[in-house]
Structures are given as structure tokens and as C-alpha cells.
Amino acid sequence: MATRHREDTLVAPGKTKTVPPPMFKVLLLNDDYTPMDFVVHVLQHFFNKNHEQATQIMLKVHTEGQGICGLYPADIAATKVSQVTGFARQHQHPLQCVMEEN
Ligand code: TYC
């Protein structure tokens, strides 16, 4: 009796296509009330920045109004926005975190 294995199905080499997922920027927006050290902590904890990188991004947001925390697929970006917003509200800060398609 013939047994067919999945490995028998050949795909021509070089013809498989992987389509990259749409990517989203996660941004922090400036406000007048959230403490600078809280924003630095958020960037370190949720976006894996070191203290120096986090400080630079925070200062960019503070002076220019917004700054990029990272670039992620839609579901991960949405989770970051939700986690950061929840964390800020728990601490009664008005910090805004948003996503936009790259
Ligand atoms: N502007 C705030 C202050 O002066 C600091 C701040 C930076 C707030 C970045 C939000 O996303 C932000 N305390």
C-alpha cells in the first residue's frame, strides 16, 4: 500500500513568498503633567529601551510633541498602547500612547 508523506509535496525553490505584515509605529504624546521619570520608566519597561535611549525619546516627546517608541505588527502595537495607557491611568497620569500605520 502506498503511503504519501507531506514531504513528497514539492514547492519550486525560490517561489515561496512571505508577505511581511503591515507595521505600526507606537508613539508617545506630550502633555504638561506626566512626570519625566515616569515616561522614562514606561520606555524602559514596555519598549525595552535602556536608560539613555529612554531619556532621549522622552526629551524628544517633551520638546517636539511626540516620539516613536517602536515599530510592531498591529496586534503587538495595540497591546503596547493598551498596556501603557492602563499603566498611566493606574498612576493617575494623562500620558497618551497611540499607534499609526507606518
Ligand atoms: N512634558 C512633561 C513634563 O514636563 C514630560 C513628558 C514627556 C510628558 C513625554 C509626556 O510623553 C511625554 N513633565
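Residues numbered from 1 in each chain as written. Predicted model: local features only at pLDDT ≥ 70, side-chain atom pairs only at ≥ 80, totals over all residues. Heavy atoms only, no water.

Chemist: So what about the side chain of D31? Which residues, and what values?
Modeler: Secondary-structure assignment places D31 in the loop between β1 (23–29) and α1 (36–47). Look at D31: it is buried, it has no salt bridge, and the nearest opposite charge is R89 at 7.4 Å. Side-chain polar atoms of D31 contact the backbone nitrogen of Y33, separated by 2.7 Å. A distance of 2.6 Å separates a polar side-chain atom of D31 from the backbone nitrogen of T34. Beyond its immediate sequence surroundings of up to four residues, D31 is in contact with P94 and L95. (Helix = DSSP H or I, 4+ residues; strand = E, 2+ residues; numbered from the N terminus. Buried < 20%, exposed > 50% of the residue type's maximum accessible area, 1.4 Å probe, protein only. Lys, Arg positive; Asp, Glu negative; His and termini not counted. Salt bridge = Lys/Arg side-chain N within 4 Å of Asp/Glu carboxyl O. Polar contact = N/O pair within 3.5 Å; in protein donor to acceptor, adjacent residues only side chain to side chain. Contact = heavy atoms within 4.5 Å.)

Chemist: For the site of the ligand, give the residues involved together with the corresponding values.
Modeler: With respect to spatial proximity, the complete set of residues near the ligand consists of L28, L29, N30, D31, T34, M36, V39, M58, V61, H62 and L95. A distance of 2.8 Å is found between an oxygen atom of the ligand and a backbone nitrogen or oxygen belonging to L29. In the environment of the ligand, a nitrogen atom lies 2.9 Å from a nitrogen or oxygen atom belonging to the side chain of H62. Its free accessible area being 340 Å², the ligand has 89% of it covered by the protein chains. Contributions of two or more residues to the shell around the ligand are made by β1, α1 and α2 (51–64). (Near = heavy atom within 4 Å. Areas by Shrake-Rupley, 256 points an atom, 1.4 Å probe, with all protein chains shown as cover.)

Chemist: Residues and numbers for the pattern of salt bridges, please.
Modeler: Counted by the stated rule, this structure contains two salt bridges. For the salt bridge of K25 with E100, the shortest nitrogen-to-oxygen distance reads 3.6 Å. One end of the pair, K25, is in strand β1; the other, E100, is in strand β3 (residues 96–101), and 75 residues separate them in sequence. The class for E100 is partly exposed, based on a relative accessible area of 34%.

Chemist: So what about the state of the cysteines? Which residues, and what values?
Modeler: Evaluated as defined, the whole model comprises zero disulfides. You can see C69 has no disulfide; the closest cysteine sulfur is in C97, sitting 5.4 Å from it. (Disulfide = S-S within 2.5 Å.)

Chemist: Describe helix α3 (residues 74–90), with residues and values.
Modeler: Compared with an ideal rise of 1.5 Å per residue, which puts 17 residues at 24 Å, α3 spans 24 Å between its outermost C-alpha atoms and is within 8% of the ideal. Here α3 has its buried residues at A77, K80, V81, V84, F87 and A88. Taken down its axis, α3 places every buried residue within 140° of arc, on the same side. When the buried face of α3 is taken as reference, the exposed residues oriented beyond 90 degrees from it are D75 and Q90. (Expected span 1.5 Å × (residues − 1). Arc of directions from axis to C-beta.)

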